[in-house]
Amino acid sequence: GAKRRGLNQVALYRSIATPDDDRRVHIELELRRALQRDELSVVYQPQVSLPTGELHGAEALMRWNSATLGAVSPDTFIPVAEDTGLIGEMGRWVIETACRQLAEWTRRGWELTVSVNISMSQFGDDGFVGHLERTLATTGIDPHLLVLEITESIASRVDIAVARLHQLRELGVQIAIDDFGTGYSSLQYLRDFPLDYLKIDRGFVSQSTHHARDRDLVATIAQLARNFGLRTVAEGVESQAEVDLLTDLGADLAQGYHFSRPLDPESFEAWVEAHLAAFPQA
Ligand code: C2E
Ligand code: MG
Ligand code: MG
Ligand code: MG
């Protein structure tokens, strides 16, 4: 009867859940050693201006190639890093790596921004601003070329977030809201936060060529951004049809597989060389 089925469901749930738990514990153990073992790296995905396609910047994305687990997706290991507090050290490492990389590209005479993803717990850490300030000083980069990507979850504590964002603004770095419209959506923060970019989530972008509602949503976000003096970055652009539509809808910048996948530094440099040949910088 119903009771029996209930018990069976519990048993079924357990037999499915246990391997997942084991994997998570395994991931956690291995992640603790990932930095020391040199298993982490950073890849860079180009961001271009619309409609010209000129290079604007790059988003730095963490990669983990584990000796025992192989390549693990950020969508899997970032939440583990956040829950265990490991994100603090990993996040500092990404900031330092990205700033050193930006310094090197600036020395080559390339003018581009580098965006770094910042977790909520990292953003809220007392040492965050101090570490960033020291990293800017030691690498000597133009702070304005560094963009910090944060999510709407910071809006859960508007008072704290406003103060912190102003500290960051004083350092001269730029701020982007990542995955805009998918999180803690309060329009209050558009008024109260010092921001530079809204990143339009891939989910809206990929549906925009198929569904009027997604298209209208993208157009509305672009208009909203313009009204607040912000620029929009369309994420996950995979086709020319999307490029054309996003341009029409008023998006300022785009990134996605249509232009390039995230690339290791050497491949990114080759991509930029080829790109600069097509778009010589003045
Ligand atoms: P995100 O910041 O929203 O990054 C965009 C994700 O979309 C990246 O996945 C990127 O590789 C992927 N992507 C870009 N273009 C396309 C496309 O055209 N099609 C498709 N299907 N995907 C595309 P990735 O690298 O797996 O990162 C996933 C998420 O993990 C990121 O989402 C970000 O939230 C987080 N993450 C990655 N690196 C870091 C990091 O260094 N620190 C923190 N805190 N989070 C990170
Ligand atoms: Mg991002
Ligand atoms: Mg995103
Ligand atoms: Mg995301």
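Our subject in this report is the structure included herewith. Quantities reported herein were computed from a predicted structural model and do not represent experimental measurements.

### A look at the overall build of the protein
Scanning the protein from N- to C-terminus turns up 11 helices and 9 strands. In summary, the protein has a C-alpha radius of gyration of 21 Å against a globular reference of 19 Å for 282 residues, a match within 12%. If one aligns the C-alpha atoms of the protein with their principal axes, the spans along those axes are about 75 × 50 × 40 Å. For the protein, with 282 residues in total, the buried portion stands at 47%. Expressed as a percentage of contacts within the protein between residues at least 6 apart in sequence, the contacts between residues at least 24 apart total 69%. Roughly 14,300 Å² of accessible area belongs to the protein as shown, and the carbon and sulfur atoms make up 50% of that amount. Each charge sign in the protein was given a centre, from 26 positive and 41 negative side chains, and these centres are 8 Å apart.

### What about the site of ligand 1?
Every one of the 22 residues lining ligand 1 counts as a neighbour, but R63, N117, D178, E238 and Y257 are closest to it. In the model, an oxygen atom of ligand 1 is placed 2.9 Å from a nitrogen or oxygen of the D178 side chain. Residue D179 places a side-chain N or O atom 3.1 Å away from an oxygen atom belonging to ligand 1. For ligand 1, whose free accessible area comes to 800 Å², the fraction covered by protein is 85%. Of all the elements in the fold, those that place two or more residues in the shell around ligand 1 are β2 (55-66), α2 (74-84) and β6 (174-180). When grouped by side-chain class, the residues that make up the shell around ligand 1 number 8 nonpolar, 5 polar and 9 charged.

### Observations regarding the side chain of H56
Mapping H56 onto the fold places it in strand β2. When its relative accessible area of 15% is taken as the criterion, H56 is described as buried. A polar atom in the side chain of H56 sits 3.2 Å from the side chain of Y197. When neighbours within four sequence positions are excluded, H56 is seen to be in contact with Q47, V48, S49, E111, L112, T113, Y197, R231 and L253.

### Regarding the packing of helix α3 (residues 87-107) against helix α11 (residues 265-278)
The geometry of α3 relative to α11 is characterised by a closest axis approach of 13 Å and an angle of 30° between their N-to-C directions. When the axes of α3 and α11 are compared, the crossing they make is right-handed. Mapping the contact onto sequence places Q101, E104 and W105 in α3 and P265, F268 and E269 in α11. In the contact of α3 with α11, the residues fall into 3 nonpolar, 1 polar and 2 charged.

### Some points on α11
Between its first and last C-alpha atoms α11 spans 20 Å; for 14 residues at 1.5 Å apiece the expected length is 20 Å, and the two agree. Those residues of α11 not exposed but buried are F268, E269, W271, V272, H275 and L276. For α11, the angular spread of buried residues about the axis comes to 160°, placing them on one side. Opposite the packed face of α11, turned more than 90 degrees from it, sit the exposed residues E266, A274, A277 and A278. Of the surrounding secondary structure, the elements contacted by the buried residues of α11 are β1 (40-49), β2 and α3.

### Observations concerning the side chain of R164
Tracing the chain through its elements places R164 in helix α6 (residues 158-171). No salt bridge forms around the buried R164; measuring N to O, its nearest opposite-charge neighbour D126 is 4.4 Å away. Within the local environment of R164, its side chain forms a polar contact with the backbone oxygen of F123, the two atoms lying 2.7 Å apart. In this structure the side chain of R164 is engaged in a polar contact, spanning 3.1 Å, whose partner is the side chain of Q167. Those residues in contact with R164, other than ones at most four positions away along the chain, are F123, G124, D125, D126, F128 and V129.

### Remarks on the pattern of salt bridges
If the charged atoms of two oppositely charged side chains come close together, the side chains can form a pair. Going through the model one piece at a time under the given rule, you end up with 13 salt bridges. One salt bridge in this structure joins R32 and E28, with 3.3 Å as the shortest N-O distance. With a gap of 4 residues between them, R32 and E28 both fall in helix α1 (residues 2-34), about one helical turn apart. The salt bridge partner of E235 is K199, with a shortest N-O separation of 3.7 Å. Taken together, the residues E235 in the loop between β8 (231-234) and α10 (240-249) and K199 in strand β7 (residues 197-200) connect sequence positions 36 residues apart. With respect to burial, E235 and K199 carry one shared label: buried. By sharing partners, the salt bridges in this structure join E30, R33, R37 and E39 into a single network.

Rules used throughout
Residues numbered from 1 in each chain as written. Chains lettered and ligands numbered in written order. Predicted model: local features only at pLDDT ≥ 70, side-chain atom pairs only at ≥ 80, totals over all residues. Heavy atoms only, no water. Helix = DSSP H or I, 4+ residues; strand = E, 2+ residues; numbered from the N terminus. Rg over C-alpha atoms; globule rule 2.2 N^0.38 Å. Buried < 20%, exposed > 50% of the residue type's maximum accessible area, 1.4 Å probe, protein only. Contact = heavy atoms within 4.5 Å. Areas by Shrake-Rupley, 256 points an atom, 1.4 Å probe, with all protein chains shown as cover. Lys, Arg positive; Asp, Glu negative; His and termini not counted. Charge placed at Lys NZ, Arg CZ, Asp CG, Glu CD. Near = heavy atom within 4 Å. Polar contact = N/O pair within 3.5 Å; in protein donor to acceptor, adjacent residues only side chain to side chain. Nonpolar A, V, L, I, M, F, W, Y, C, P; charged D, E, K, R; others polar. Axes fitted to C-alpha atoms, helices over the stretch in contact; angles between N-to-C directions. Left-handed = near helix turned anticlockwise from the far one by under 90°. Expected span 1.5 Å × (residues − 1). Arc of directions from axis to C-beta. Salt bridge = Lys/Arg side-chain N within 4 Å of Asp/Glu carboxyl O.

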